[in-house]
Amino acid sequence: MLGVGEMNHGLEANGHGKPVAMAKQQQLQQSGDHEETQWYEEEVHDDLKFCYTLNSVLHRGTSKYQEIALVDTKCFGKALIIDGKMQSAEADEFIYHESLIHPPLLFHPNPTTVYIMGGSEGSAAREALRHKTVQRVVMCDIDEEVVHFCRTHLSVNWEAFASDKLCLVINDARAELEKRREEKFDVIVGDLADPMEGGPCYQLYTRSFYEQVLKPRLHDGGIFVTQAGPAGVLTHKEVFSSIYNTLRHVFKHVKAYTAHVPSFADTWGWVMASDHPFTLTAQQINERITDRIDGELSYLDGETLISSTTLNKTVFHSSVTASSCSPLVLLLGHKQITWT
């Protein structure tokens, strides 16, 4: 299992959801020596698969909602697999989690309370707790078995789970927000699976949820951030563009940004939203990183964050120039789903 302080970092269920995905082990013959090799195979669609050589399968489990596995890959180290999808890998999970958590907390003038929707095994909470101003992190995940699995096997996050600043809640994230009518947060984080048709998280990406449930739970000046799925030239229309456009109809200021995550074999996207503008310079971001965060960040600095908000021409025109269109339509496989 991962040790505290080993590499950077742990493994997180971040919603790396493809239209079709599966995990299976194959016995393949290596050329020359005929030794058997185990592979983890993820099927993106009928004509595309990603394969990762395995050293071993470390742990397996099944919850009420999903299947879980912790595997040791040759290329990316230990990796968390949920329902046949690569969620994150030891070698590069810091890219995803630093990009998810630190931008909204750095742009907020004084973040003290954070609500994480999802978060599974604690990597998002781990990064939030690195901020010296943060006094309370509520992490709400629906799957108790997955949380227990990760809490047991991913020792890199043991310290975060043991923190007296962390309030761990097992519940549907929407139901929990609706129940906490008197409580507001400085930052709300969406660390959920992609809004795929029939998936458990679809209703947590809709305009009505953002307007009626989530936004009223933000303090004045509060910031919402969500992972927004693959954001590559060929993949951004799966969910990224629709998430961006939906938030543009709810918040006055919306900022999308991207980063390449090698173990995902794609560019990934995140979207921040607030009714207050995002106006920090790279130098100001670097000063806040120095003043606010315990330890060094491995991926993010002011220059990297500012540059990550520049979308390439294809993604920009598909996402940003479509923001005035309504209703918003998400393409899922070969079906159109209208968001309301």
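The name given to the chain in an unreviewed UniProt entry is thermospermine synthase, with Aegilops tauschii subsp. strangulata as the source organism. As recorded by UniProt, the Catalytic activity (unreviewed entry) comment attached to the chain reads in full: "S-adenosyl 3-(methylsulfanyl)propylamine + spermidine = thermospermine + S-methyl-5'-thioadenosine + H(+)". The annotation that UniProt attaches to the chain under Sequence similarities (unreviewed entry) is "Belongs to the spermidine/spermine synthase family."

Peer 1: I'm lost on the nonpolar core in this one. Help?
Peer 2: Nonpolar side chains in soluble globular proteins generally cluster together in the buried interior. Met86, Leu100, Phe107, Val114, Ile116, Val137 and Val189 are the most contacted members of the largest nonpolar core, which has 52 residues in total. The element that contributes the greatest number of residues to this core is helix H1 (residues 93–107), accounting for 8 residues. Two domains each donate at least three residues to this core, and these are domain 1 (39–89) and domain 2 (93–321). Those residues in contact with Val137 that lie beyond four places of it in its chain are Val114, Ile116, Ala125, Ala128, Leu129, Lys165, Leu166 and Cys167.

Peer 1: What am I meant to see in the packing of H1 against helix H8 (residues 282–292) here?
Peer 2: What describes two packed helices is the angle between their axes and the distance between those same axes. With their axes 10 Å apart at the nearest point, H1 and H8 run at an angle of 100 degrees to one another. On the basis of the axis angle, H1 is roughly perpendicular to H8. Residues Leu105, Leu106 and Phe107 of H1 pack against Ile285, Arg288, Ile289 and Arg292 of H8. When its residues are assigned to classes, the contact of H1 with H8 shows 5 nonpolar, no polar and 2 charged.

Peer 1: How should I be thinking about the environment of His276 in this particular structure?
Peer 2: Tracing the sequence through the fold places His276 in the loop between strand S13 (266–274) and H8. A C-alpha to C-alpha distance of 8.0 Å links His276 and Gly222, two positions 54 residues apart in sequence.

Peer 1: For this particular structure, what's the right way to read the UniProt feature "active site" (unreviewed entry) in the chain?
Peer 2: Here, UniProt's "active site" (unreviewed entry) annotation points to Asp191. Of note, Asp191 is situated in strand S10 (residues 185–191). Within the structure, the side chain of Asp191 is placed 2.5 Å from the side chain of Tyr96, a separation counted as a polar contact.

Peer 1: I tried to follow the side chain of Glu42 on my own but got confused; where do I start?
Peer 2: The residue Glu42 is located in strand S2 (residues 36–45) in this model. The class for Glu42 is buried, based on a relative accessible area of 1%. Side-chain polar atoms of Glu42 contact the side chain of Tyr40, separated by 2.6 Å. A polar side-chain atom of Glu42 sits 2.9 Å from the main-chain amide nitrogen of Met86.

Peer 1: For this particular structure, what's the right way to read the packing of aromatic side chains?
Peer 2: Working definition: an aromatic ring pair is given by the centre-to-centre distance plus the angle between the planes. The tally for this structure, following the rule as stated, stands at 9 aromatic pairs. Seen from their ring centres, Tyr96 and Trp270 are 5.8 Å apart, and the 50 degrees between their planes marks the pair as tilted. In this pair, Tyr96 is assigned in helix H1 and Trp270 in strand S13, connecting sequence segments 174 residues apart. Residue classification places Tyr96 among the buried residues on the basis of a relative accessible area of 1%. An aromatic cluster of three or more residues is present, and its members are Tyr40, Tyr52 and Phe76.

Peer 1: Explanation requested: the pattern of salt bridges in the structure shown.
Peer 2: Two side chains of opposite charge can pair, provided their charged atoms sit close to one another. Scanning all chains against the criterion turns up 11 salt bridges. Close ionic contact of Arg180 with Glu183 constitutes a salt bridge, the shortest N to O distance being 2.6 Å. Residue classification places Arg180 among the buried positions, given a relative accessible area of 13%. Among the salt bridges present, the one from Arg207 reaches Glu211, with a minimum N-O distance of 3.2 Å. Of this pair, Arg207 and Glu211 both sit in helix H6 (residues 207–214), 4 residues apart, which is roughly one turn of that helix. Look at Arg207 and you get partly exposed, because its relative accessible area is 29%.

Peer 1: Help me understand helix H3 (residues 144–153) in this model?
Peer 2: In an α-helix, one turn spans 3.6 residues, which is why side chains three or four residues apart end up on the same side. Listing the buried residues of H3 in full gives Val146, Val147, Phe149, Cys150 and His153. All buried residues of H3 fall inside an arc of 160 degrees around its axis, so they share one side. Turned more than 90 degrees away from the buried face of H3, the exposed residues are Glu144 and His148. Next to the buried residues of H3 lie strand S3 (48–62), strand S4 (67–73), strand S5 (77–82), strand S8 (136–141), helix H4 (158–162) and strand S9 (166–170).

Reading the values: the criteria
- Residues numbered from 1 in each chain as written.
- Predicted model: local features only at pLDDT ≥ 70, side-chain atom pairs only at ≥ 80, totals over all residues.
- Heavy atoms only, no water.
- UniProt positions renumbered as here; feature names shortened; annotations may be inferred.
- Core = buried A, V, L, I, M, F, W, Y, C linked by side-chain atoms within 4.5 Å.
- Buried < 20%, exposed > 50% of the residue type's maximum accessible area, 1.4 Å probe, protein only.
- Helix = DSSP H or I, 4+ residues; strand = E, 2+ residues; numbered from the N terminus.
- Domains from an automatic or database assignment.
- Contact = heavy atoms within 4.5 Å.
- Axes fitted to C-alpha atoms, helices over the stretch in contact; angles between N-to-C directions.
- Parallel < 35°, antiparallel > 145°, perpendicular 65-115°, else oblique.
- Nonpolar A, V, L, I, M, F, W, Y, C, P; charged D, E, K, R; others polar.
- Polar contact = N/O pair within 3.5 Å; in protein donor to acceptor, adjacent residues only side chain to side chain.
- Phe/Tyr/Trp six-rings, centres within 6.5 Å; stacked < 30°, edge-to-face > 60°.
- Salt bridge = Lys/Arg side-chain N within 4 Å of Asp/Glu carboxyl O.
- Arc of directions from axis to C-beta.

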